[in-house]
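Here's the letter readout for the chains.
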Amino acid sequence: MKTISKLKKDLDKVFSLYIRLRNASKDGIVECWTCGKTAHYKKMHAGHFMSRKHHATRWNEENVQVQCPKCNLFGQGEQYTFGKLLDVRIGEGKSEELQELSRTTVKYMRFEYEDMIKHYKEKVNAIKTD
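The rules behind the values
- Residues numbered from 1 in each chain as written.
- Predicted model: local features only at pLDDT ≥ 70, side-chain atom pairs only at ≥ 80, totals over all residues.
- Heavy atoms only, no water.
- Buried < 20%, exposed > 50% of the residue type's maximum accessible area, 1.4 Å probe, protein only.
- Helix = DSSP H or I, 4+ residues; strand = E, 2+ residues; numbered from the N terminus.
- Arc of directions from axis to C-beta.
- Contact = heavy atoms within 4.5 Å.
- Phe/Tyr/Trp six-rings, centres within 6.5 Å; stacked < 30°, edge-to-face > 60°.
- Lys NZ or Arg CZ within 6 Å of the ring centre and 35° of its normal.

Remarks on helix H5 (residues 94-102)
Consideration 1: Residues of H5 that are buried include every one of Lys 94, Ser 95, Leu 98 and Ser 102, and no others. The buried residues of H5 occupy an angular sector of 100° when the element is viewed end-on, so they sit on one face.
Consideration 2: Elements that come into contact with the buried residues of H5 comprise helix H2 (55-58) and helix H4 (79-89).

Now the structure itself:
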């Protein structure tokens, strides 16, 4: 039986793949949420607006967007720009909503991790078979 830590790691991996694939062109090209740079999804990151340490938003599809390595790593996620763009592209107040959600405490059970892994594997497979 997999440990919770291993399940988290598996979920991070499939969720990241989904985030990077969901807006990819047929050629696998995606655009960085914060700077607009384009590259193949395999060379890009799944950047978090609110840090991965917050489980309430770690696997939230609005909190996580495609980012180039420069913005995500060297620019510490370009959080200010990221937040402004959330409000423009998704809806006014979205960044504040995600900040508030990130402050809540969630504790997932083993079956919930397993369900989320299954869910995102299905979403990835649906994209890949399009």
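There is more to say after this.
What about the packing of aromatic side chains?
Consideration 1: Applying the stated criterion across every chain, the model contains 7 aromatic pairs.
Consideration 2: When the ring of Tyr 18 is compared with that of Tyr 120, the centres are 5.4 Å apart and the planes differ by 45°; the resulting orientation is tilted. Remark: Tyr 120 occurs in helix H6 (residues 110-128) and Tyr 18 occurs in helix H1 (residues 4-22); sequence separation between them is 102 residues.
Consideration 3: Judged by its relative accessible area of 6%, Tyr 120 is buried.
Consideration 4: Ring-pair connections join several aromatic residues into one group, and the members of that group are Phe 15, Tyr 18 and Tyr 120.
Consideration 5: Against the face of Trp 33 rests Arg 89, its NZ or CZ located 4.5 Å from the ring centre.

None of the figures reported here should be taken as evidence of function without further support.
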